[in-house]
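Chains, contacts and geometry: an overview
This is what each chain is made of:
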Amino acid sequence: MEYNEIGIKALQDGSYEKAVEAFMQAIENAPEDAVGYINLGNVFASLGDAEKGEPFFQKAIVLDPEAGTAYYGLASLYYNKELYEEASRLYELAVRKGVDESDAYFMLAKSLERMDKAKLALPYMQRAAELAPEDIEVRLSYGIILANLELFQEAEKEFIFILDKDENNADAHYNIGFLYAVSSDRKEDALAHLKQAFTIEEDYEQARYIYDMIQQSEK
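Residues numbered from 1 in each chain as written. Predicted model: local features only at pLDDT ≥ 70, side-chain atom pairs only at ≥ 80, totals over all residues. Heavy atoms only, no water.

Let us look at helix α12 (residues 187–200). For α12, with 14 residues, the first-to-last C-alpha span of 20 Å sits near the 20 Å given by 1.5 Å per residue. The inward-facing, buried residues of α12 contact α10 (152–165), α11 (170–183) and α13 (205–217). (Helix = DSSP H or I, 4+ residues; strand = E, 2+ residues; numbered from the N terminus. Expected span 1.5 Å × (residues − 1). Contact = heavy atoms within 4.5 Å.)

Relative to the assigned elements, Glu 82 resides in the loop between α5 (68–80) and α6 (84–96). Of the residues examined, Glu 82 reaches a relative accessible area of 58% and is grouped as exposed. A sequence separation of 108 residues divides Glu 82 from Ala 190, and the C-alpha atoms of the two residues are 33 Å apart. (Buried < 20%, exposed > 50% of the residue type's maximum accessible area, 1.4 Å probe, protein only.)

On inspection of all chains with the given rule, the structure shows eleven salt bridges. Two residues, Glu 54 and Lys 81, come together in a salt bridge whose shortest N-O distance is 4.0 Å. Taken as a pair, Glu 54 in helix α4 (residues 50–63) and Lys 81 in the loop between α5 and α6 lie far apart in primary sequence, 27 residues in all. Owing to a relative accessible area of 19%, Glu 54 belongs among the buried residues under this scheme. In this structure Lys 81 comes out as partly exposed when scored by relative accessible area, which is 42%. With its nearest N and O atoms 2.9 Å apart, the salt bridge here joins Glu 134 to Lys 165. One end of the pair, Glu 134, is in the loop between α8 (118–131) and α9 (136–148); the other, Lys 165, is in helix α10, and 31 residues separate them in sequence. (Salt bridge = Lys/Arg side-chain N within 4 Å of Asp/Glu carboxyl O.)

The following block contains the structure:
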């Protein structure tokens, strides 16, 4: 079995030390092949060690400027370090280099969202939802961006979709409740969804706070 394959299997088995050894051997045997560097970077990334992971992704990019997964891995390190501008640039490069997957568009959108660039984030989150239509996290994030841009009808559809799939999704209840509270006269529906949110998750303080605000305003 080839060393990269051995490393990937070890990583899947949770044997990180063995994975590192295998990928290091892969690099030693083929120092001009970007794959080993990307794999090793991914190991350190999964261990939360950005300092060790970063140079391997950078080396991979030098060796193969078209290696989209190297840009993606490096972007994720920067995202976790809250360097959202750098992360967004690298996620966009990953997409351009062929990483046409929901996760890439989702993380690009999240990076832009963190930079308060919801309008720029919207088409990428929409694409993520198109590629992974059953992914609840993606659909929820898409709905939140739509709501923040006051595209309330479109946002409502996303939250309803999630609740149809998972009626106990507290975040969907909260967001559709908040949406009804600010965008329509459906106060009773807003209260019902907000109450459901903090019933499902007792420590959902945001839902409880908005619920109490609405009740106080009606007195």
